[in-house]
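In case you want the letters, here they are:
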Amino acid sequence: MTTTVEAPPHRETLSRRVAALVGLAAGLLAVGAAEMVAALTGPSSEPLVAVGDAFVDLTPPWLKDFATSTFGTSDKLVLLVGAAVVIAALCALAGIVAARGRFRGPWVVLALGTVAAIAALSRHDATILSVLPSAVAAIVGALVLPAFVDRLETSSRPGAGPDRRTLLRTAGVAAGAGTVALVAGRLLGSGTRDAEASRTAVRLPAPADPEPALPAGVEVGVAGVTPFRVPAEAFYRIDTALVVPRVRAEGWQLRIHGLVDREVHLDFATLLAGRLVERDVTLCCVSNEVGGDLVGNATWLGLPIGPLLRQAGPRPEADMVLSTSADGFTASTPLAALTDGRDALLAVGMNGAPLPVEHGFPVRMVVPGLYGFVSATKWVVDLEVTRFDRAVAYWTPRGWSERAPVKTESRIDVPRDGARLAAGRVAVAGVAWAQHRGIRRVEVQVDGAPWQEARLGAEASIDTWRQWVLPWDATPGRHTLAVRATDGTGTPQTRVETPPAPDGATGWHTITVDVS
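Before going into details, it helps to say that this report is about the structure given with it.

Calculation notes
Residues numbered from 1 in each chain as written. Predicted model: local features only at pLDDT ≥ 70, side-chain atom pairs only at ≥ 80, totals over all residues. Heavy atoms only, no water. Pairing = 2+ DSSP bridges. Helix = DSSP H or I, 4+ residues; strand = E, 2+ residues; numbered from the N terminus. Axes fitted to C-alpha atoms, helices over the stretch in contact; angles between N-to-C directions. Expected span 1.5 Å × (residues − 1). Left-handed = near helix turned anticlockwise from the far one by under 90°. Contact = heavy atoms within 4.5 Å. Nonpolar A, V, L, I, M, F, W, Y, C, P; charged D, E, K, R; others polar. Salt bridge = Lys/Arg side-chain N within 4 Å of Asp/Glu carboxyl O. Buried < 20%, exposed > 50% of the residue type's maximum accessible area, 1.4 Å probe, protein only. Phe/Tyr/Trp six-rings, centres within 6.5 Å; stacked < 30°, edge-to-face > 60°. Parallel < 35°, antiparallel > 145°, perpendicular 65-115°, else oblique.

### As for the sheet that holds strand E2 (residues 264–267)
Step number 1: Spatially, five strands are ordered E2-E1-E10-E5-E6 in an open sheet, and the strand pairing comes out mixed. The open sheet has two edge strands with one neighbour each: E2 and strand E6 (330–334). Across the sheet, the mean angle from the axis of one strand to that of its neighbour is 15°, orientation sign disregarded.
Step number 2: Relative to strand E10 (residues 380–386), strand E1 (residues 253–258) runs parallel, the two sharing four bridges. For His-257, the partnering residue across the bridge sits in E10 and is Glu-384.

Structure, rendered in structure tokens:
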């Protein structure tokens, strides 16, 4: 009897392009599976977010400056898009490696999953469950990738590559399933983490100490100048959170502890029942370049921090308060700045409405006179009274100062740099700020000529910026305009140019215009 041995199926090695496509499809399915799991374990455990957050933590000051100055408030979106492109490239590489040996590609996937899992565990709110999304992504990718490669290789025709219909069906099903899982995970996650419903339910009480009426003339009446009060939707946002923390007001708690005689605990209802004050305060990011727009003024409603700290009873040796955000960010604020009578607030409202989620809902800190990275902690949940020589804030070991009072700065809003103007009377106007010292004078220089004093808008308080305007008789030709301010102590703004790191940029804002 003759025994017939069935020949093994023909296998045709996939081209690099096809193998990369297979890797991308498998990667999308793995990421979709991870997103579904992350809907239950929390947004910071998403592999893409975890790796991105870890990258932010390791970012040196020069790279942070570059990202902020180049991309502004879109820096996080750029980082996430960049991380997605890198992951896509690595998935494509895994597909190519798998095509050269079916059991090699999964090792690339497992390595990626391990990196993401380690990043997830490094987060402030991490638990053992935080590794699950990355682990699921790694397992799904490691199983699916060789299966796809095997299916396509065995469907290939000698010299012709894989059957086109099989290729499209395999990649399409994987990509479609991954996309559905990705969208479903996002929707499910937003439903369980969303703080918008909590924000909508908040009814802010009237302040016990309302903002005094603004004096006439705070606006100089020049089109193009940034408004005295910046709407929340236009207010700058710079922080380390790739995914905005979703904190519900109903569950918010603040703990004041450390070098104090007694701990103080505060919930949201108790905060709202306190003696709230309303103040206009200008905030500024330390990453703001000379002439930059990472500065803004708003009306804040909140509970003064000073009385809460006095209730806790700071010990004589204490000199710093380490504030902590719900996502683990920390800031070092001099204790004196919170207890010297300035309007340092636990803010719950912004421009007459509850804080937007992206600006710190339900509670953030607002401290006049200090750059945001040492004072304006969003989603604040903890205040530890301590010492500068005992505790270190998030940005300090990354090359930034532990103390950072705002420097005197001024900016030309109109005309814009590079503008083409008609000869004649032109309004040169902008804003100047030196929070908690105030602005005494603003001057404009044209082509190196003697300085001319600008007209200042009325001063709301020493904690807000001031608008200014100078009528200029523009003559034909190219002209260079510079601006400088003098603060309330009589100290002029320095012309020495320094970068934002480690404690704020300095220099005169200078523009060039063409007049015809």
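Read on for the rest.
### Here we look at helix H1 (residues 16–41)
Step number 1: Relative to the 38 Å expected for 26 residues at 1.5 Å per residue, H1 spans 36 Å between its end C-alpha atoms, a close match to the ideal helical length.
Step number 2: Positioned one or two residues after H1, Gly-42 has a phi angle of 115°, which is positive.

### Some words on the packing of helix H2 (residues 47–58) against helix H4 (residues 75–100)
Step number 1: Contact geometry for H2 and H4: axes closest at 10 Å, N-to-C directions at 115°. When the axes of H2 and H4 are compared, the crossing they make is right-handed. Here Leu-48, Gly-52, Phe-55 and Val-56 of H2 come into contact with H4, specifically with Leu-79, Leu-80, Ala-83, Ala-84 and Ile-87.
Step number 2: Residue classes in the contact of H2 with H4 are distributed as eight nonpolar, one polar and no charged.

### Thoughts on the pattern of salt bridges
Step number 1: In this structure the tally under the stated criterion is 16 salt bridges.
Step number 2: In this structure, Arg-255 and Glu-263 form a salt bridge, with 2.8 Å as the shortest nitrogen-oxygen distance.
Step number 3: Since its relative accessible area comes to 33%, Arg-255 is described here as partly exposed.
Step number 4: In this structure, Asp-389 and Arg-387 form a salt bridge, with 3.0 Å as the shortest nitrogen-oxygen distance.
Step number 5: Through salt bridges with shared partners, a single ionic network connects Asp-209, Arg-279 and Asp-343.

### Considering the sheet that holds strand E13 (residues 424–433)
Step number 1: Taken in spatial order, the four strands line up as E11-E13-E17-E16 in an open sheet, and their pairing is antiparallel. Since the sheet does not close on itself, it has two edges, and those belong to strand E11 (409–414) and strand E16 (455–456), each with one partner.
Step number 2: Looking at chain direction, E11 and E13 are connected through five bridges and run antiparallel. Note that in E13 the partner of Glu-409 across the bridge is Trp-433.

### A word on the packing of aromatic side chains
Here the distance between the centres and the angle between the planes together describe a pair of aromatic rings.
Step number 1: Summed over all chains, the structure comprises nine aromatic pairs.
Step number 2: Relative to Tyr-236, the ring of Phe-235 lies with its centre 5.3 Å away and its plane at 20°, an arrangement referred to as stacked.
Step number 3: A relative accessible area of 6% means that Phe-235 is categorised as buried.
Step number 4: Aromatic side chains Phe-329 and Tyr-394 sit 5.6 Å apart centroid to centroid with 45° between the ring planes, which places their arrangement in the tilted category. A residue pair is termed long-range when its members are at least 10 positions apart, and Phe-329 in the loop between strand E5 (320–325) and E6 and Tyr-394 in the loop between E10 and E11 qualify at 65 residues.

### Section: the side chain of Lys-378
Step number 1: Examined against the element boundaries, Lys-378 turns out to sit in the loop between strand E9 (364–366) and E10.
Step number 2: Its relative accessible area of 8% is what places Lys-378 among the buried residues.
Step number 3: The contact partners of Lys-378, leaving out residues within four places of it in the chain, are Arg-237, Ile-238, Asp-239, Ser-325, Glu-358, His-359, Gly-360, Val-363 and Arg-364.

### Concerning the environment of Tyr-394
Step number 1: On the accessibility criterion, Tyr-394 (10% relative accessible area) is buried.
Step number 2: Between the alpha carbons of Tyr-394 and Arg-437 there is a distance of 27 Å; along the sequence they are 43 residues apart.
Step number 3: Apart from the residues lying within four places of it in its own chain, the contact partners of Tyr-394 are Val-56, Asp-57, Thr-240, Phe-329 and Thr-330.

### Some words on the packing of H4 against helix H5 (residues 105–121)
Two packed helices can be described by the angle between their axes and the distance between those axes.
Step number 1: Between H4 and H5, the shortest axis-to-axis distance is 7 Å and the interhelical angle comes to 155°. Classified by the interaxial angle, the pair formed by H4 and H5 is roughly antiparallel. From H4, Leu-90, Ala-94, Val-97 and Ala-98 reach across to H5, where they touch Gly-105, Val-108, Val-109 and Leu-112.

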